[in-house]
Amino acid sequence: MPPFSASQGTAASFLGVAANRFRRPTRVALLLTLFFGFAAVRAFAQEKNPFAGDAKIAKVGEYQFRLNCAFCHGLGARGGGRGPDLTRAQKRHGSSDAEMFHNIHDGIPGTAMPAATNGGIGVGMSDEEIWQVVTYLRSVQVKAPVQPAGNPEHGKELFHGALACSTCHMVEGKGGRLGPDLSTVGASRSTEYLVESLRNPSRRLAQGIFEAMKEFPQEYESVLVVTAEGTKLSGVVLNQDQFTLQMLDAREQLHLFEKDKLRSFATRRESAMPVYDQKALSDKDLQDLLAYLFEAGGK
């Protein structure tokens, strides 16, 4: 627990002296009440944003966001390679200021969201800096995401049929594993992000790993492997270190290789996903597909 403020310390000292005049059991009870009382005050203070509605603080929060959060959530908080769009009023893990504060401060178990403490996010953030980020997020928040005007039923047919998206992607437990699960993508990504992912799927991967505000998820990096026996395999990287490579091939077979035993292997920042240009996917069909993803993400 962080140290008391000066005023809290003064109050604690005063009551501590007063407590010494009581017998030991009473004194212990009084000190425990004092301790937990101050803890409750501090916990309550974390439930209310002290900078709510302050435009100047929102600008400071934008700087903190770019420094600590844009790596995953993208510039403007509209979603990145790893993190969801945070400009939406309704957020999957809580929409109040207090919930956003705790999500940043403590992280979100079961997700890639780390805690801000001990440098878990960027350079690490104090409580004050976290509230600044929350204030910034409120300033860029939109009342509701722009819903595609398409036909979700036709979009579902395209996803599982003509476009063969389900060959690589899963929605609600049905589909392939070669690409990311899209069950919640409609609830966590902006329309613009999804359109770009379809029209130009390699753009985000092509942003070099050391470039500013990178959005380069290694798990979708393409790889071509030639084994010692001359067998060629292509797929996506799941994990790798200096000595080993774990990949998923085009048939969704998992492989683990020792790099020094391979004839060759090469990775590239080019998505295995095909480019859905105007010839492959009309604007009307694109709207239908997006409408399906938004509908699935809202369930």
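Since the model is a prediction, treat every value here as computed from it, not as a measurement.

A.B. asks: Kindly report on the overall build of the protein chain, identifying the contributing residues and their values.
C.D. replies: When you go through the protein chain residue by residue, the secondary structure sums to 11 helices and seven strands. Here the protein chain, with 299 residues, has 39% of them falling under the buried criterion. Residue pairs in contact within the protein chain that sit at least 24 positions apart in sequence constitute 58% of those at least 6 positions apart. Of the accessible surface of the protein chain, which amounts to about 17,100 Å², a share of 57% is contributed by carbon and sulfur atoms.

A.B. asks: I'd like to hear about the sheet that holds strand β3 (residues 222–226), residue by residue, with values.
C.D. replies: Read across the open sheet, the five strands follow the order β6-β5-β4-β3-β7; overall the sheet is antiparallel. The sheet is open, and its two borders are formed by β6 (254–258) and β7 (264–268), each paired with just one other strand. Here the strands of the sheet are splayed against their neighbours by 40° on average, with no regard to which way each runs.

A.B. asks: Residue-level account of the state of the cysteines, with values.
C.D. replies: Per the counting criterion, the structure on display carries zero disulfides. Between C72, a free cysteine, and C69, which holds the nearest cysteine sulfur, the sulfur-to-sulfur gap is 8.7 Å. Classification of C72 as partly exposed rests on a relative accessible area of 25%.

A.B. asks: Lay out the side chain of K91 in plain terms, naming residues and giving numbers.
C.D. replies: You can see K91 is positioned in the loop between α4 (70–73) and α5 (97–106). Buried and unpaired, K91 has no salt bridge, with D85 as the nearest side chain of opposite charge at 7.7 Å. Polar side-chain contacts of K91 include one of 3.4 Å to the backbone oxygen of L86. Leave out the neighbours within four places in its chain, and K91 touches L86, M100, R138 and Q141.

A.B. asks: Give a description of the pairing of strand β5 (residues 244–249) that names residues and reports values.
C.D. replies: The pairing of strand β4 (residues 232–240) with β5 spans five bridges and is classified as antiparallel. The residue bridging Q240 from the neighbouring strand is L245, located in β5. Hairpin connection from β4 to β5: three residues lie between these consecutive antiparallel strands. Of the strand pairs in this sheet, β5 and β6 are connected by five bridges, and their pairing is antiparallel. Counted as the bridge partner of L248 is L254 from β6.

A.B. asks: Summarise unusual backbone geometry; cite the residues concerned and give the values.
C.D. replies: One non-glycine residue, A77, lies in positive phi territory at about 65°. Along the chain, the position of A77 falls in the loop between α4 and α5. The phi dihedral of A164 falls on the positive side, at around 55°, and the residue is not glycine. Position of A164 among the secondary structure elements: in the loop between α7 (152–160) and β1 (170–171).

A.B. asks: Pulling in residues and values, what's your account of the packing of aromatic side chains?
C.D. replies: Counted under the stated rule, the structure contains three aromatic pairs. Relative to W131, the ring of F101 has its centre 4.5 Å away and its plane inclined at 25°; by these criteria the two rings are stacked. Here F101 is found in helix α5, whereas its partner W131 is found in helix α6 (residues 127–139), with 30 residues between them in sequence. A relative accessible area of 0% places F101 in the buried class. You can call W131 buried: its relative accessible area is 4%. On the basis of an interplanar angle of 55° and a centroid distance of 5.6 Å, the ring pair of F159 and Y292 is categorised as tilted. Highlighted residues: F159 in helix α7 and Y292 in helix α11 (residues 283–297), separated in sequence by 133 residues.

A.B. asks: Report on the confidence of the model for the protein chain, specifying residues and quantitative values.
C.D. replies: Of the residues in the protein chain, 75% have a pLDDT of 70 or more, and the chain-wide mean is 80. Looking at the elements of the protein chain, mean pLDDT is at its lowest for helix α1 (residues 6–19), recorded as 46, and at its highest for α7, recorded as 96. A low-confidence stretch, residues 1–15 (pLDDT under 50), is modelled with 17 contacts involving residues beyond four sequence positions or located in other chains. The model gives residues 206–218 a pLDDT under 50, and that stretch makes 31 contacts with residues more than four places away or in other chains.

A.B. asks: For the pairing of β4, give the residues involved together with the corresponding values.
C.D. replies: The side chains of a regular strand alternate between the sheet's two faces. Where β3 meets β4, five bridges bridge the pair, whose relative direction is antiparallel. Residue L224 lies in a different strand from β4, and its bridge partner there is S234. Counting the residues that bridge the hairpin from β3 to β4 gives five residues, and of these G230 lies at a positive phi of roughly 95°.

A.B. asks: Explain α5 to me, and be specific about the residues and the numbers.
C.D. replies: Three or four residues apart is the spacing at which side chains of an α-helix point the same way, because the helix has 3.6 residues per turn. Summarising burial for α5: seven of the 10 residues are buried, a large majority. Within the span of α5, buried status applies to D97, A98, M100, F101, N103, I104 and H105. Of the surrounding secondary structure, the elements contacted by the buried residues of α5 are α6. With its phi angle positive at about 80°, G107 sits one or two positions after the end of α5.

Conventions and cut-offs
Residues numbered from 1 in each chain as written. Predicted model: local features only at pLDDT ≥ 70, side-chain atom pairs only at ≥ 80, totals over all residues. Heavy atoms only, no water. Helix = DSSP H or I, 4+ residues; strand = E, 2+ residues; numbered from the N terminus. Buried < 20%, exposed > 50% of the residue type's maximum accessible area, 1.4 Å probe, protein only. Contact = heavy atoms within 4.5 Å. Areas by Shrake-Rupley, 256 points an atom, 1.4 Å probe, with all protein chains shown as cover. Pairing = 2+ DSSP bridges. Axes fitted to C-alpha atoms, helices over the stretch in contact; angles between N-to-C directions. Disulfide = S-S within 2.5 Å. Lys, Arg positive; Asp, Glu negative; His and termini not counted. Salt bridge = Lys/Arg side-chain N within 4 Å of Asp/Glu carboxyl O. Polar contact = N/O pair within 3.5 Å; in protein donor to acceptor, adjacent residues only side chain to side chain. Phe/Tyr/Trp six-rings, centres within 6.5 Å; stacked < 30°, edge-to-face > 60°. pLDDT = per-residue confidence, 0-100.

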